[in-house]
Amino acid sequence: MSQTLSESYWMPNGTLCHQNENEVYVSILCGHLHNMTERLRLLPADLWDWTPDVAAPTARILASHTWQWLICDRQHILEPDALRHELIPDPPADPAAMCDELAEETARWKTLLLSLTPEQFDSPRCQFDYPGLNVRWFVSHMIQNSIYKHGQFTTLFFALGLDGKEPYDAPFPNPVYKELRNGSLS
């Protein structure tokens, strides 16, 4: 599953614009999952259980948590009756296998998201015994959860020096505006 982000997730229809709600969800959810998985693959196996503090999660915990909730929420979308759901499998112990599972689940979500109709997004659901939800809620839940876990992992990734050793330089918008105004932005 070694495609570039633009080929597989960022713009599912191959254009620069999203054509519908489904493509927006694929772009956001699967884009974050793809980036997180590719960064997880760069992490040496001996650092999967590293944490800067006992109160902070490890890469293994973040990957496992993300993967298990992706499976759980996909089951809720596909089968409204939680009593008919399979138990969520234990995550693989091997980091490469965990990354493969996360990539496969991302592909399942991409297929699922691109297949849903507007009516299906509105279909009522409940999470275990919490009523009043719909399929769109579960998609939003996974987007929020995955972005949060990806952000937590990114902090670990930076702290381990895997994205460079230079001080972090946030890309603020005003320098871009200045380039635009002085004509140097192409």
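Look above for the structure.
Residues numbered from 1 in each chain as written. Predicted model: local features only at pLDDT ≥ 70, side-chain atom pairs only at ≥ 80, totals over all residues. Heavy atoms only, no water.

Quick word on the overall build of the protein chain
Selection criterion: For helices the rule is a DSSP run of H or I covering at least 4 residues; for strands it is a run of E covering at least 2, with both sets numbered from the N terminus onward. Each residue is assigned to one of three classes by its accessible area relative to the maximum for its type, calculated with a 1.4 Å probe on protein chains only: buried under 20%, partly exposed between the two thresholds, exposed over 50%. It only takes one pair of heavy atoms within 4.5 Å for two residues to be counted as in contact. Per-residue and other accessible areas follow the Shrake-Rupley method at a 1.4 Å probe size, with only the shown protein chains counted as cover for residues.
Each helix and strand in the protein chain was counted, giving 7 helices and 2 strands. When the helices and strands of the protein chain are read in sequence order from the N terminus, they spell out α-α-α-α-α-β-β-α-α. Overall, the C-alpha framework of the protein chain stretches about 60 × 40 × 30 Å when taken along its three principal axes. Buried residues in the protein chain amount to 35% of all 186 residues. In the protein chain, 65% of the contacts between residues at least 6 apart in sequence involve partners at least 24 apart. Summed over its atoms, the accessible surface of the protein chain is roughly 11000 Å², and 57% of this surface lies on carbon and sulfur atoms.

Let's talk about the nonpolar core
Our working rule: Among buried residues, the Ala, Val, Leu, Ile, Met, Phe, Trp, Tyr and Cys ones that are joined through side-chain atoms within 4.5 Å form a nonpolar core.
Ranked by internal contacts, the top residues of the largest apolar core, which has 34 residues, are L40, W109, L113, V139 and F153. For this core, the elements supplying multiple residues, two or more each, are α2 (21-42), α3 (59-78), α4 (95-115) and α6 (135-159). The biggest single contributor to this core is α6, with 8 residues. Apart from residues no more than four positions distant in its own chain, L40 is found in contact with W48, A59, A63, C99, L102 and F153.

As for α6
Applied cut-off: To estimate the expected span of a helix, count its residues, drop one, and scale the result by 1.5 Å. Here a polar contact is taken to be a pair of N or O atoms separated by no more than 3.5 Å, where protein atoms must pair a possible hydrogen donor with a possible acceptor and residues adjacent in sequence count only if both atoms sit in side chains.
Relative to the 36 Å expected for 25 residues at 1.5 Å per residue, α6 spans 36 Å between its end C-alpha atoms, a close match to the ideal helical length. With a side-chain oxygen lying 3.1 Å from the backbone nitrogen of R136, the N-terminal cap of α6 falls on N134. Phi turns positive one or two residues past the end of α6, at G161, with a value near 75 degrees.

Describing the state of the cysteines
Should the sulfur atoms of two cysteines be covalently bonded, the bond is a disulfide. The condition is simple: Note on terminology: disulfide denotes any pair of cysteine sulfur atoms within 2.5 Å.
One pass over the full model with this rule turns up 0 disulfides. This cysteine, C99, is not joined by any disulfide, and C30 carries the nearest cysteine sulfur, 16 Å off. C126 takes part in no disulfide bond, and the closest cysteine sulfur to it belongs to C72, at a distance of 11 Å. For C126, a relative accessible area of 25% translates into the label partly exposed.

Observations concerning a nonpolar patch on the surface
Counted only if it meets this: Patch membership needs two things, relative accessible area over 30% and no salt bridge, and members are linked within 9 Å if like-charged or within 5 Å if nonpolar (Val, Leu, Ile, Met, Phe, Trp, Tyr). Any Lys or Arg side-chain nitrogen located within 4 Å of an Asp or Glu carboxyl oxygen qualifies as a salt bridge.
There is a patch of nonpolar side chains on the surface, built from V176, Y177, L180 and L185 and spanning about 370 Å² of accessible area. Tracing the chain through its elements places Y177 in helix α7 (residues 173-181). The class of Y177 is partly exposed, set by a relative accessible area of 44%.

Remember that the coordinates give geometry; whether it matters functionally is a separate question.
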